[in-house]
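Structural description and commentary
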Amino acid sequence: MGVNLKGKSFLTLLDFTSDEIRYLMDISKQVKVERRAGTPTNRFAGKTLAIIFEKRSTRTRTAFETAFGEEGGHAVFLSKDDIHLGVKEDLKDTARVLGRMFDAIAFRGFKQETVETLAAWSGVPVYNGLTDLYHPTQILADFLTIEESLGSLKGRKLVFIGDSRNNMANSLMIGSAKMGLHFIACGPKSLHTDPAIVDKCKEIARTSGATIEVTEDIDLAVKNADAIYTDVWASMGEEAKLQERIALLKPFQVNRELMERTGRSDTIFLHCLPAVKGNEVTEEVFESPASRVFEEAENRKHTIKAVMIATLL
């Protein structure tokens, strides 16, 4: 394929071509096979990774730490209480120090601007483990899960239900536009995706064959869906809005009735986790044979490992 991503940061899927995303997913499949077979690998021997988190995490932290460690590298976790992250020291100064100490940096936090500044000034690959705007490593895990479950990505109908102006809906829309999926974001009009992101994705879709749509119409959205995706109704930092969101989003809960409205028995259910069962999804759907949430969770490790292999070696 002739793809070379060495030294490149992973901040948003907007920065990557469909061939480059395909390349990352192919590496993900390879390293997953290696891990399942117990094949010893040591690709990151002598390398170091700084993991900087403003927001707590289960999957993102463990995925980065285990992926790097399994390849013989040394990861150092740093919370916002451990270092000067834009407090007392300019962020660009912190970035330049970390770039001299580490071979790569993983960041999870609030502002997209923060991870972009780290990438601009550190001189090493920087990986976006989540910001308020994007969550690109999650999308690779989601797409790997769809391929494993359904056999292909292109032409699949992927429906995001709920708060469709959050980082997951943004990133799923971008990924779908790049990889040729039919993507629909479905939720109340007041929580629709930023029109600028929608317009950008529609522009990308003209080349890939994807279709991008935003709607309040649940029946239109879910009919014949290959996959139904949802996320929490109040993201980290929005807890005060939860009761308001529950009232607004209750009609968009993923429950048995909604899954039946697809008209298919083979539609799969996806969620980036953690899930608030009883809000965005019922326990019945979450624990059903349609659910692929724990496959997704495992795939965070393999896809993150693939990104680091592609950009460090």
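Above this text you will find the structure in question.
Report follows, based on the coordinates. (Residues numbered from 1 in each chain as written. Predicted model: local features only at pLDDT ≥ 70, side-chain atom pairs only at ≥ 80, totals over all residues. Heavy atoms only, no water.)

1. Considering the pairing of strand E6 (residues 182-186)
With four of five residues buried, E6 is to be regarded as a mostly interior element. Bridge count for strand E5 (residues 157-161) against E6 is five bridges, and the pairing is parallel. Bridging across to E6, Ile161 finds its partner in Cys186. Direction of pairing for E6 relative to strand E7 (residues 211-215): parallel, over a ladder of five bridges. Following the sheet pairing, Phe183 is matched in E7 by Ile212. In this fold, E6 hands off to helix H7 (residues 195-208), which returns the chain to E7; that crossover is right-handed. (Buried < 20%, exposed > 50% of the residue type's maximum accessible area, 1.4 Å probe, protein only. Helix = DSSP H or I, 4+ residues; strand = E, 2+ residues; numbered from the N terminus. Pairing = 2+ DSSP bridges. Right-handed = clockwise from strand over helix to strand, strands pointing away.)

2. Concerning the packing of aromatic side chains
Taken as a whole and judged by the stated rule, the model has six aromatic pairs. An angle of 75 degrees between the planes, with centres 5.5 Å apart, marks the rings of Phe53 and Phe77 as edge-to-face. Here Phe53, found in strand E1 (residues 48-53), pairs with Phe77, found in strand E2 (residues 74-79); they are 24 residues apart in sequence, far enough to count as distant. Against the face of Phe16 rests Lys8, its NZ or CZ located 4.2 Å from the ring centre. The positively charged end of Arg61 is found above the aromatic ring belonging to Phe77, 3.6 Å away from the centroid. (Phe/Tyr/Trp six-rings, centres within 6.5 Å; stacked < 30°, edge-to-face > 60°. Lys NZ or Arg CZ within 6 Å of the ring centre and 35° of its normal.)

3. A word on the environment of Ile184
Structurally, Ile184 is set in strand E6. On a C-alpha basis, the gap between Ile184 and Leu172 in space is 9.6 Å, while along the polypeptide they are twelve residues apart. For Ile184, the residues in contact, after removing those within four places along its chain, are Lys157, Leu158, Val159, Phe160, Glu213, Thr215, Leu220 and Ala221. (Contact = heavy atoms within 4.5 Å.)

4. Structural notes on the packing of helix H3 (residues 91-101) against helix H4 (residues 112-122)
Packed helices, taken two at a time, are described by the angle between their axes plus the distance between the axes. Orientation of H3 relative to H4, taken along the N-to-C sense of each, is 55 degrees, at an axis distance of 8 Å. The orientation of H3 relative to H4 falls into the category oblique. As H3 runs across H4, the sense of the crossing is right-handed. Taken together, the residues of H4 that come into contact with H3 (itself represented by Leu91, Lys92, Ala95, Arg96 and Gly99) are Thr114, Thr117, Leu118, Trp121 and Ser122. Partitioned by chemical class, the residues of the contact of H3 with H4 number four nonpolar, four polar and two charged. (Axes fitted to C-alpha atoms, helices over the stretch in contact; angles between N-to-C directions. Parallel < 35°, antiparallel > 145°, perpendicular 65-115°, else oblique. Left-handed = near helix turned anticlockwise from the far one by under 90°. Nonpolar A, V, L, I, M, F, W, Y, C, P; charged D, E, K, R; others polar.)

5. Considerations on the sheet that holds strand E4 (residues 126-128)
Here we have four strands laid out as an open sheet, ordered E2-E1-E3-E4, and parallel in their pairing. This sheet does not close on itself; its edge strands, each paired only once, are E2 and E4. Ignoring strand direction, the axes of neighbouring strands in this sheet form an average angle of 20 degrees. In terms of strand pairing, E1 meets E2 through six bridges, oriented parallel. Residue pairing for E2: Thr48 is matched across the bridge by His74. Each of E1, strand E3 (104-108) and E4 touches helix H12 (residues 293-312); the most contacted strand, E4, lies at about 155 degrees to it.

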